[in-house]
Amino acid sequence: MANPLQFAYRTQKAIGVTDADPVYEPLPGFVKPEGNLRCCVYSPCGRYLAWASSERVCVVDASVGHILTNIAISNVFEVAFSPRGSFVSTWERPAKDENGDATKNFKIWRTVEDIPEGAEKQPIGRFVQKSQTGWNLQYTSDEKFCARLVTNEVQFYNSDDLSTVWNKLRVEGVADFAIAPGQSHGVAVFVPERKGQPAAVKVYNVPQFTAPISQKTFFKGDKVQLKWNSLGTSLIVLAQTDVDKSNKSYYGETTLYLLSANGTLDARVPLDKDGPIHDVSWSPNGKEFGVIYGYMPAKTTIFNHRAIAAHSFPIAPRNTIIFSPTGRFALVAGFGNLAGQIDVYDLEKDYRKICTIESGNPSVCQWSPDSRYIMTATTSPRLRVDNGVKLWHVGGGIMYHEDMVELYNVSWRPVLPENLPRSDPLHPVPAPHTSAIAYLGTVKTPSKPVGAYRPPGARGMSTPMHFRREDEGGAAHIMSNGTQNVGPNGFGRPRRQVPGAEFLESGARTVPGAAPADAPGANGDENLSKAALKNKKKRNNKKAKDAEGKDGEKRDGGLAPPTLDRGPGSGNEGRSPERRGQHNQRRHDRSRSRHNFQGGNNPGRHRSNTQQNGQAPPAAPQIQTSQPPAGDSLLSPGSQNPASKKLRSLQKKIRAIEDLEMRHAGGEKLEDTQMKKIATKAAVVKELEAMEKEVR
């Protein structure tokens, strides 16, 4: 009988190994370590399991649980294996020695080696590695070469000799790299945008580093994810920016490119739905990949190795796609802030949907090596409650459940493809463990479907189209950055519409008191700063005010105010134009006389047109200053004629003197300079008459 499936987990106090189907029991020969445990990880070949504590790193045989190697090293936070398990790497927190130099905190060891009795195990390589992100070496599949990134170059080593650099790939500004799997020794490097130059991804053959065999340049690439297929023949580049300049997303813009290792293809993957790219994943067969993209509800599409769409699944709120190790199945799930639903599809049976699993709120989701089970787990610190492991059959039923206290990570033991059984994962369906039956007994089945709240008046009715999601028949959601988007079914209608009121016609929104959007000079303002827009608005308002005042002077000799029409509701609708003008003139005269007789800005001014003793004030002498209108060239706001400037100045003086006379007649005490200004009225009037004669 073949070895059963196995998974390892790490909790707050212990590390455990459990044999899964069909026994579902702890590994008999494994002694659970306890204490301050930092990490545990399987080797990619599945032979070894390593875990680290604050005092040592231990490597055990994953089949039986016996300890193979003990490495006396403290403060290890990360452990990793090479592809075939020949080497194990450890990373310690960066520190400094007595001289103030950085210690070599990144070390590489042989996993299993013969050590003389009493001797201590020594690393075969040491490096200074400050960053915990991308800390480990990258190996070729045959473990012949390995590489690490340093400033402006990628250094290659023979895996057996890490003391000397075997070769260097010099690329100015390189920020990331990825070694291709498979038999070909290829490496892809990424150079971000710099000084106006576009970002670039270049593919080289090892060790021919003179010229790239394939490359792609693009903008909007501050960082990338480089994903090779299992054959090492094609590369997916998921480019992302830190800031979305269109203001449609808080998380930057994402773009997807596909490159071939031999240079025959470098293209942008066509995505027919606007929005971010949530996830992209290669199939284990290396001939197709899946992409989830677009604003929620997102779209999931399977592409072939030439970036041609082969099939699209129904749109739904999903953000994760994972292919099974055999390549037959694919799960499309919505995790994180989504509901945790998992859709399982059979790619060999016309993309038929097998089931939908309600997984709750997991933070881990993995296929078993034989593609028969799906593991979901809720881990800390994302969620500190309901931590545990669930195993689901690919057909949708739950097979195993175990609650744990502060579960930090869990993973399947890898199994090489040649060691997998050839049976059908769907049939027969295995019997569930007793823990799964007990779990189903605790799950409460809702008595009626729970939906969105509806007010009593809307209950029993179908959901209006503009409230439905796109996958429920509603219109597609479009990010508009403030502009209105009205779909065919009303989705995205403008916020200006008030329920019960008449619908406001489409057009640009106007601000009360501001010039309309289609006014001259309104276009092209989007490139101005806030201060420039404010100054421009002030200038336009001043010009409009001056033009209105000059038009009034032109009609009424420069002294009478313009006729005011207050629009609907002003009482002028049923009057003739002549009476309407008389009505507005009387209203203006009343307000003007009220202001002037009350003393202008005097704080103790009266609120009526009579003095407090009931006696009417003496009538102010009325001086006829009405003059014939001047020519258009003199009174136009843009005229620069010296005569017109002089004429406007004299008219302004006359108005100021009349205002002072009205205030003086109202009983206000004026300053000496104001009285002297009133005395100059005769001279100003005479000069004004002479100027108007010149104009004629």
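Rules used in this analysis
- Residues numbered from 1 in each chain as written.
- Predicted model: local features only at pLDDT ≥ 70, side-chain atom pairs only at ≥ 80, totals over all residues.
- Heavy atoms only, no water.
- Phe/Tyr/Trp six-rings, centres within 6.5 Å; stacked < 30°, edge-to-face > 60°.
- Helix = DSSP H or I, 4+ residues; strand = E, 2+ residues; numbered from the N terminus.
- Buried < 20%, exposed > 50% of the residue type's maximum accessible area, 1.4 Å probe, protein only.
- Lys NZ or Arg CZ within 6 Å of the ring centre and 35° of its normal.
- Pairing = 2+ DSSP bridges.
- Axes fitted to C-alpha atoms, helices over the stretch in contact; angles between N-to-C directions.
- Parallel < 35°, antiparallel > 145°, perpendicular 65-115°, else oblique.
- Left-handed = near helix turned anticlockwise from the far one by under 90°.
- Contact = heavy atoms within 4.5 Å.
- Nonpolar A, V, L, I, M, F, W, Y, C, P; charged D, E, K, R; others polar.
- Expected span 1.5 Å × (residues − 1).
- Arc of directions from axis to C-beta.

Trainee: Let's hear about the packing of aromatic side chains: which residues, and what values?
Mentor: All chains considered together, the criterion is met by 17 aromatic pairs. With a centroid separation of 6.4 Å and 55 degrees between ring planes, the pair formed by Phe 7 and Tyr 400 is classed as tilted. Of the two residues, Phe 7 sits in strand E1 (residues 6–10) while Tyr 400 sits in strand E35 (residues 398–403), which places them 393 residues apart along the sequence. Each ring, one from Phe 329 and one from Trp 367, has its centre 6.1 Å from the other, and the planes form 15 degrees; the classification is stacked. Here the residue Phe 329 occupies a position in strand E29 (residues 329–333), and Trp 367 occupies one in strand E32 (residues 364–367), the gap between them amounting to 38 residues. With relative accessibility at 0%, the residue Phe 329 sits in the buried group. Under the relative-accessibility criterion, Trp 367 is labelled buried at 7%. Each residue in the set Phe 7, Tyr 24, Tyr 400 and Trp 412 is aromatic and connected to the rest through ring pairs, giving one cluster. Positioned above the aromatic ring of Phe 77 is the side chain of Arg 38, whose terminal nitrogen or guanidinium carbon lies 4.4 Å from the ring centre.

Trainee: Describe the sheet that holds strand E16 (residues 176–179), with residues and values.
Mentor: Pairing is antiparallel across the open sheet formed by four strands, whose spatial order is E16-E17-E18-E19. Single-partner strands in this sheet number two, and they are E16 and strand E19 (214–218). Direction aside, neighbouring strands of the sheet carry axes that sit 10 degrees apart on average. By the bridge criterion, four bridges tie E16 to strand E17 (residues 186–191) in an arrangement that is antiparallel. Paired with Asp 176 across the two strands is Phe 190, which belongs to E17.

Trainee: Which residues make up the packing of helix H5 (residues 642–665) against helix H7 (residues 681–695), and what values go with them?
Mentor: Interaxial distance between H5 and H7 falls to 10 Å at its minimum, and their mutual angle equals 150 degrees. Classified by the interaxial angle, the pair formed by H5 and H7 is roughly antiparallel. Our pair here, H5 against H7, has a crossing hand that is left-handed. Contacts between H5 and H7 pair Ala 643, Lys 646, Leu 647, Leu 650, Gln 651, Lys 653, Ile 654, Ile 657, Glu 658 and Glu 661 from the former with Lys 681, Val 684, Val 685, Glu 687, Leu 688, Met 691 and Glu 692 from the latter. Here the contact of H5 with H7 is composed, by residue class, of nine nonpolar, one polar and seven charged.

Trainee: Go over unusual backbone geometry, please, and point to the residues and values.
Mentor: Of note, the bond from Val 206 into Pro 207 is cis; its omega dihedral lies within 30 degrees of zero at 5 degrees. Along the chain, the position of Pro 207 falls in the loop between strand E18 (199–205) and E19. Here the bond from Ser 380 into Pro 381 is cis, since omega is 5 degrees, no more than 30 degrees from zero. Note on placement: Pro 381 falls in the loop between strand E33 (373–378) and strand E34 (388–393). A positive phi is found at Asp 350, a non-glycine position, where the angle reads about 55 degrees. By the secondary structure assignment, Asp 350 is in the loop between strand E30 (341–346) and strand E31 (352–358). Here the phi dihedral of Asp 386 falls at roughly 55 degrees; this positive angle occurs in a residue that is not glycine. A relative accessible area of 61% means that Asp 386 is categorised as exposed.

Trainee: Go over H7 with me, naming the residues and quoting the values.
Mentor: Helix length check: H7, at 15 residues, gives a terminal C-alpha distance of 21 Å against a target of 21 Å (1.5 Å per residue), a fit within 8%. Restricting attention to buried positions, one finds in H7 the residues Lys 681, Val 684, Val 685, Leu 688, Met 691 and Glu 692. Projection of H7 onto a plane perpendicular to its axis shows the buried side chains occupying an angular sector of 125 degrees, all on one side. Residues of H7 that are exposed and point over 90 degrees away from its buried face: Ala 682, Ala 683, Lys 686, Lys 693 and Glu 694.

Trainee: Outline the side chain of Arg 372, listing residues and values.
Mentor: Following the sequence through the fold, Arg 372 ends up in the loop between E32 and E33. When its relative accessible area of 12% is taken as the criterion, Arg 372 is described as buried. Discounting chain neighbours no more than four positions away, the residues touching Arg 372 are Trp 392, His 393, Val 394, Ser 423, Asp 424, Pro 425, His 427 and Pro 428.

Trainee: If you had to explain the packing of H5 against helix H6 (residues 672–679) to someone new, which residues and values would you point to?
Mentor: Their axes nearest at 9 Å, the elements H5 and H6 cross at an angle of 120 degrees. What the angle tells us is that H5 and H6 run oblique. Remark: the crossing between H5 and H6 carries left-handed chirality. Each of Ala 656, Ile 657, Leu 660, Glu 661, Arg 663 and His 664 in H5 lies in contact with H6, whose residues at this interface are Gln 674, Met 675, Lys 677 and Ile 678. Here the contact of H5 with H6 is composed, by residue class, of five nonpolar, two polar and three charged.

Trainee: Quick one: what's the story with the environment of Tyr 351, residue by residue and with numbers?
Mentor: Structurally, the position occupied by Tyr 351 is in the loop between E30 and E31. Sequence separation of Tyr 351 and Phe 329 is 22 residues, and the distance between their C-alpha atoms is 8.7 Å. Setting aside chain neighbours within four positions, we find Tyr 351 in contact with Glu 288, Ile 302, Ala 310, His 311, Phe 313, Tyr 345 and Asp 346.

These figures capture arrangement, not role.
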